[in-house]
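Listed below, chain by chain, are the residues.
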Amino acid sequence: MKLIKKILLALLIVFIVAQFFRPDKNEGDYASIDAFLTETKPSPEVKEILQESCFDCHSDVTRYPWYNNITPVNYWLADHVKHGKGHFDVSKWNEYSIKKKDHKLDELIEMVEAKEMPLNSYTWTHSEANLTDAQIKTVIDWAKDVRATYANQLPND
């Protein structure tokens, strides 16, 4: 029994010390999203869906929940955001070529249509990010419309 108490005490000390070490936060400026919004012209409904369901992990602006203050949860969240931005980062929209923008929107359509985005692990704690079938259709229709404008700008191969 003494061994278990010592192990638990050691784990508690490690947990407390770990709270002093945190990953960098993804707390950019909403202005970083402006180029994406200006170019893709989402309707107010689509813009709201993007803000509630996408931007936390796919932009430089993340709204952190209270549990982000707990290590190791904050490292897990930081990894999710890093991974999400690696796939699709609206804050870097100006850096993408027309071909890449078109491809990213094609991926967005595919992932949202398959209900793979937003991730279940995100919607568990952000119920407002759960998309209805109508919202999915709205986002997909918007993305297809934007892709159509890019198609006119792509060189014919």
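Reading the values: rules and limits
For every chain, the first residue of the written sequence is number 1, and numbering continues from 1 onward in sequence order. Selection of residues for local features in this predicted model requires a pLDDT of at least 70, selection of side-chain atom pairs for listing and counting requires 80 or more, and totals for whole chains, interfaces and linings are taken over all residues. The side-chain quantities take in all heavy atoms of the structure and omit both hydrogens and water. The rule is simple: put a 1 Å grid over the protein atoms alone, call a set of points where a 1.4 Å probe fits but cannot get out a cavity, call an open set with protein on both sides within 12 Å along at least five of seven lines a pocket, and count a residue as lining if it has an atom within 4 Å of a point. Grid points are joined across faces, edges and corners, and a volume is the space filled by probe spheres set on the points. Going along the chain from the N terminus, every DSSP run of H or I of four or more residues is numbered as a helix, and every run of E of two or more is numbered as a strand. We call Asp, Glu, Lys and Arg charged. Ala, Val, Leu, Ile, Met, Phe, Trp, Tyr, Cys and Pro are nonpolar, and the rest, Gly among them, are polar.

1. Quick notes on the layout of surface pockets
Okay, step 1: Volume-wise, the largest pocket comes out at about 410 Å³.
Okay, step 2: Contributing to the lining of the largest pocket are 19 residues, with His58, His87, Phe88, Met111 and Met117 lying nearest its centre.
Okay, step 3: When residues of the lining of the largest pocket are traced back to their parent elements, those giving at least two are helix H4 (55-58), helix H5 (73-87) and helix H6 (98-113).
Okay, step 4: Here the lining of the largest pocket gets 5 residues from one element, more than from any other, and that element is H6.
Okay, step 5: A breakdown of the residues in the lining of the largest pocket according to their chemical character gives 10 nonpolar, 6 polar and 3 charged.
Okay, step 6: Considering only enclosed or pocket space, the second largest pocket measures out at about 200 Å³ in volume.
Okay, step 7: Lining the second largest pocket are 17 residues, and of these Cys57, Tyr67, Leu77, Tyr122 and His126 lie nearest its centre.
Okay, step 8: Broken down by secondary-structure element, the contributors of at least two residues to the lining of the second largest pocket are H4, H5 and helix H7 (120-123).
Okay, step 9: The element best represented in the lining of the second largest pocket is H5, accounting for 4 residues.
Okay, step 10: By residue class, the composition of the lining of the second largest pocket is 10 nonpolar, 5 polar and 2 charged.

2. Things to note about empty space enclosed by the protein
Okay, step 1: Scanning the model with the defined rule gives 1 cavity of 30 Å³ or more in all.
Okay, step 2: Approximately 40 Å³ is the volume found for the largest cavity.
Okay, step 3: The wall of the largest cavity is formed by Ile49, Leu50, Ser53, Cys54, Val112, Met117, Pro118, Leu131 and Val139.
Okay, step 4: Ranked by residues supplied to the lining of the largest cavity, first place goes to helix H3 (residues 44-53) with 3 residues.
Okay, step 5: When its residues are assigned to classes, the lining of the largest cavity shows 8 nonpolar, 1 polar and no charged.

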